[in-house]
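The lines below spell out each chain.
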Amino acid sequence: MSVQTVESIEGFRKVLDEERRAGRTVGLVPTMGFLHDGHASLMRRAAAECDVVAATIFVNPLQFAVSEDLSSYPRDLAADQRLAEAAGVTWLFAPPVEEMYPGDVHTTVTVAGESEGLEGEIRPTHFAGVATVVAKLCNIAGPCRAYFGEKDWQQLQVVRRMVADLSMPVEVVGCPIVREPDGLALSSRNAYLSAAERRAATVLHRALRAGADAADPVEAMRRVVAAEPLAELDYAEMRDGRLLVAARLGTTRLLDNLAWEGPSDNHKALEG
Ligand code: PAF
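Residues numbered from 1 in each chain as written. Predicted model: local features only at pLDDT ≥ 70, side-chain atom pairs only at ≥ 80, totals over all residues. Heavy atoms only, no water.

In the nomenclature of an unreviewed UniProt entry, the protein chain corresponds to Pantothenate synthetase from the organism uncultured Acidimicrobiales bacterium. The record held by UniProt for the protein chain lists under Sequence similarities (unreviewed entry) the comment "Belongs to the pantothenate synthetase family." (UniProt positions renumbered as here; feature names shortened; annotations may be inferred.)

Quick look at the structure:
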């Protein structure tokens, strides 16, 4: 079935209510568009696990600070429609800003704890913006499974916590990071990188790999990023068994993370 684009909240709510009434389960894939294979992997997973897949494309102003890239954030609805259709999406919700935020926003959702540190420290209003729009999208979509990428690992923790704390009828599914052959995690923001920055951007994955193998992962990650002249480290940290790194390549901020399983046997043998 070809993808159908809906712009109104009422219309999106109606079609998904009808899907459920017909006995079909709904998979929801919230995105900000400029879709790439990482998004397609979420959509394909949703299509494998749910009867019908709905994706949303909305560049959410609430999660951008005034100094950030809201107006220049890359957009291409026609290409997004093609990718979504090929990945098994039936309903695409692409509302204009006035539909989602018709006036001043007086109500926001704040998730303490999970939002703190890491991205939350560098972008203090970001996660309230994310939690608020995801709460709205879930309220509009209704009972569903919602798919999020692990690349934005802290975001995934924020969303999981919000859904649990607010008893939303949503099952959150985290999906693995999709990488380029050289290790760079797919991101819409990779489009901003110059050729030299693109080559240097593998430093995030290299840092994580070095961290995964080291007795002092944070120190190892910092050392790898410091050795790349085009990269400036925002943070390299470990939280809940995860190595997380964020760095700037020119004006582009990139994030990446990897599960930490402790130093490799090799390393333990050397130390022991
Ligand atoms: O990860 C994103 O693309 C966005 O933060 C999300 C979850 C769609 C909310 O705007």
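Take the UniProt feature "active site" (unreviewed entry) in the protein chain next. Taking the numbering used here, the UniProt-annotated feature "active site" (unreviewed entry) corresponds to H39. Mapped onto the secondary structure, H39 falls in helix α2 (residues 37-49). In contact with H39, not counting residues within four places along its chain, are T31, G33, F34 and S188. (Helix = DSSP H or I, 4+ residues; strand = E, 2+ residues; numbered from the N terminus. Contact = heavy atoms within 4.5 Å.)

Inspection of the region around the ligand gives P30, T31, M32, N60, Q63, V133, F148 and Q155 as its neighbouring residues. Note that an oxygen atom of the ligand is positioned 2.6 Å from one of the side-chain N or O atoms of Q63. Here an oxygen atom of the ligand and a side-chain polar atom of Q155 are 2.7 Å apart. Contact with the protein chains removes 88% of the 290 Å² of surface that the ligand exposes when unbound. (Near = heavy atom within 4 Å. Polar contact = N/O pair within 3.5 Å; in protein donor to acceptor, adjacent residues only side chain to side chain. Areas by Shrake-Rupley, 256 points an atom, 1.4 Å probe, with all protein chains shown as cover.)

Looking now at the pairing of strand β8 (residues 242-249). Taken across its eight residues, β8 has seven buried, putting it largely inside the fold. In this sheet, β8 lies alongside strand β7 (residues 231-239) in antiparallel orientation, the contact comprising eight bridges. Note on β8: the bridge partner recorded for A236 is V245. Remark: two residues form the turn of the hairpin made by β7 and β8, two consecutive strands paired antiparallel; D240 in that turn has positive phi of roughly 50°. Both β8 and strand β9 (residues 252-259) contribute to a ladder of eight bridges, which runs antiparallel. Considered in β9, the bridge of A247 is made with L254. (Buried < 20%, exposed > 50% of the residue type's maximum accessible area, 1.4 Å probe, protein only. Pairing = 2+ DSSP bridges.)

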